[in-house]
2 protein chains.
Amino acid sequence: MTSTRSELPLALRSAYMALHRRSEVVFGEQGVTADQFVLLATLSRGQALTQRELARRMPSDPSTVRAMLVLLEQRGLVQRDVHPTDSRARTVALSPEGKRKFRQLWTAGDPIRAQMVETLEPDEVETLVNLLTKVAQSLNLERGPNGGESSEPTEKVAT
Amino acid sequence: MTSTRSELPLALRSAYMALHRRSEVVFGEQGVTADQFVLLATLSRGQALTQRELARRMPSDPSTVRAMLVLLEQRGLVQRDVHPTDSRARTVALSPEGKRKFRQLWTAGDPIRAQMVETLEPDEVETLVNLLTKVAQSLNLERGPNGGESSEPTEKVAT
DNA sequence: GAATTATCGTGCGTGTACGCACGTTATTTT
DNA sequence: AAAATAACGTGCGTACACGCACGATAATTC
């Protein structure tokens, strides 16, 4: 049989892509991209982060985050200051206008969050979040010294 | 309480990003990107697709798919021919080498699929796929060119 | 105190995601 | 048949994702 295991990656991709597209439309009307919203949301939950810490939480890549911050800084939505103790790092925070904008964006995004779960029962939502979290943790686990090998030794098919 | 509803988008994003990163590493060792693998996998399940149909199934965007096809065609992994009946369309199919490459990629990706579900029960995997599918369908709903307001009185969440 | 190592940010290159406009060809309408 | 409309592919522009290499600074080691 075609195990559901094989379908999981596609199902995950499809769901995320659908969310991303929807978000792009809604947030685009507000002048920001879907990923910029994620960045602002992450900042709103923990100000004065370094760029690296910000990237770690999104999750995203430091160099990607930097490019986004340049754009957001130009619009005055975020502020970047030198770190108080580490002079090579920079702290990032929402500007007052950024905070205002984020509240506006959160409201604008509410219909999306509502629509995601409109066909699900409340307990199903919780189950989904739990399962997604498990999968993410499992994938993010270090697998260098093959701690949890699956079936066969991952034959390294190097170039 | 912090509604799980608010956490669902982030959980979905985190899981997908983790999958994407992992895939990028594994498939990158094989000389293709994670998304190129998705394209090849989609082709392997239905040859002689038009570019648009291919994009619809991935799912992705037609112009994005085109750019990917240009690269894959240069490597000889896919073939593009004129459509037998529709002269504005092009059919896309795996080349013999593309088929071989895909089998190789599928094997290389097996550890990822295994790792995704290694912390889940079999029935949990099925549940997850079902819930993700529901969410995706829900998000993709009511976006068609027709079937506007005449069908259902879905409460329009005002801005 | 000096050298090594690790970390932060930056800049660059490639691939992906998508909207939009354009030309071409099919399909439908008049 | 002629005209309007729709669908397919292409090209362009912007933003993301990420790896990698670089310079600068911090932390560690000798």
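Coordinates for the structure precede this section.
Parameters at a glance
- Residues numbered from 1 in each chain as written.
- Chains lettered and ligands numbered in written order.
- Predicted model: local features only at pLDDT ≥ 70, side-chain atom pairs only at ≥ 80, totals over all residues.
- Near = placed C-beta within 6 Å.
- Helix = DSSP H or I, 4+ residues; strand = E, 2+ residues; numbered from the N terminus.
- Nonpolar A, V, L, I, M, F, W, Y, C, P; charged D, E, K, R; others polar.
- Axes fitted to C-alpha atoms, helices over the stretch in contact; angles between N-to-C directions.
- Parallel < 35°, antiparallel > 145°, perpendicular 65-115°, else oblique.
- Left-handed = near helix turned anticlockwise from the far one by under 90°.
- Contact = placed C-beta atoms within 7 Å.
- Least-squares fit on C-alpha atoms with pLDDT ≥ 70 in both.
- Core = buried A, V, L, I, M, F, W, Y, C linked by C-beta atoms within 7 Å.
- Buried ≥ 20, exposed ≤ 12 C-beta atoms within 10 Å, placed from the backbone.
- Pairing = 2+ DSSP bridges.

(A) Examining the protein's contact with DNA strand D more closely. Around DNA strand D, the surrounding shell holds 26 residues, and the nearest of these are Ser87 of chain A together with Gln51, Arg52, Ser63 and Ala89 of chain B. Looking at which element gives the most residues to the surface near DNA strand D, the answer is helix α4 (residues 62–74) of chain A, with five residues. When the residues that make up the surface near DNA strand D are grouped by side-chain class, the tally is six nonpolar, ten polar and ten charged.

(B) Structural view of the packing of helix α1 (residues 4–29) of chain A against helix α1 (residues 4–28) of chain B. Two elements in contact, α1 of chain A and α1 of chain B, have axes separated by 10 Å at closest approach and are oriented at 130°. Relative to α1 of chain B, α1 of chain A is oriented oblique. The interaxial crossing formed by α1 of chain A with α1 of chain B has left-handed handedness. Where α1 of chain A abuts α1 of chain B, its residues Pro9, Leu12, Arg13, Ala15, Tyr16 and Leu19 of chain A lie against Pro9, Leu12, Arg13, Ala15, Tyr16 and Leu19 of chain B. Here the contact of α1 of chain A with α1 of chain B is composed, by residue class, of ten nonpolar, no polar and two charged.

(C) Expanded view of the relation of the copies chain B and chain A. Between chain B and chain A, which share one sequence, the superposing operator has a rotation angle of 180° and an axial displacement of 0.1 Å; the RMSD is 0.1 Å. Taken together, the rotation and translation relating the two chain copies correspond to the operation of a two-fold axis. In this assembly the copies share their binding face: 96% of the residues contributing to the interface of chain B also contribute to that of chain A.

(D) Representation of unusual backbone geometry. Residues and elements named next belong to chain A. Cis rather than trans, the peptide bond between Met58 and Pro59 has omega equal to -10°. Position of Pro59 relative to the elements: it lies in the loop between α3 (51–57) and α4. Positive phi, close to 55°, is recorded for Ala48, a residue that is not glycine. Mapped onto the fold, Ala48 is located in the loop between α2 (34–44) and β1 (49–50).

(E) Here's a closer look at the nonpolar core. The biggest cluster of nonpolar side chains holds 31 residues, and the ones touching the most others in it are Leu12, Ala15 and Leu132 of chain A together with Leu12, Ala15 and Leu132 of chain B. Here Leu132 of chain B is in contact with Ala11, Leu12 and Ala15 of chain A, once residues within four sequence places are set aside. Counting 21 residues, the second-largest nonpolar core is a separate cluster that includes Ala34, Val38, Leu72 and Ala108 of chain B.

(F) Region of the structure containing the interface of chain B and chain A. Contacts between the two partners involve 47 residues from chain B, matched on the other side by 52 residues from chain A. Elements supplying a minimum of two residues to the side of chain B that touches chain A: α1, α6 (110–117) and α7 (122–140) of chain B. Looking at which element gives the most residues to the side of chain B that touches chain A, the answer is α1 of chain B, with 16 residues.

(G) View of the sheet that holds strand β1 (residues 49–50) of chain B. Residues and elements named next belong to chain B. Reading across from one edge, β1-β3-β2 is the order of the three strands in this open sheet, with antiparallel pairing throughout. In this open sheet, the two edge strands, each paired with only one partner strand, are β1 and β2 (78–82). Pairing analysis gives two bridges linking β1 to strand β3 (residues 90–94), with the strands arranged antiparallel. Within β3, the residue paired with Thr50 across the bridge is Thr91. Packed on one face of the sheet, helix α2 (residues 34–44) meets β1, β2 and β3 and runs near 100° to β3.

(H) Broad picture of the protein's contact with DNA strand C. Around DNA strand C sit 26 residues, and of these Gln51, Arg52, Ser63 and Ala89 of chain A together with Ser87 of chain B come closest. Mapped by element, the contributors of at least two residues to the surface near DNA strand C are α1, α3 and α4 of chain A together with α2 and α4 (62–74) of chain B. Counting residues per element, the surface near DNA strand C draws most heavily on α4 of chain B, at five residues. Here the residues of the surface near DNA strand C are counted per class, giving six nonpolar, ten polar and ten charged.

(I) Up close: the packing of helix α7 (residues 122–140) of chain A against α7 of chain B. Remark: α7 of chain A packs on α7 of chain B, axes separated minimally by 10 Å, with the N-to-C direction vectors making an angle of 115°. Taken together, the axis directions place α7 of chain A and α7 of chain B in an arrangement best described as roughly perpendicular. Here α7 of chain A and α7 of chain B pass one another in a crossing that is left-handed. Contact residues: α7 of chain A offers Glu124, Thr127, Leu128 and Leu131 of chain A, while α7 of chain B offers Glu124, Thr127, Leu128 and Leu131 of chain B. Of the residues that constitute the contact of α7 of chain A with α7 of chain B, the class distribution is four nonpolar, two polar and two charged.

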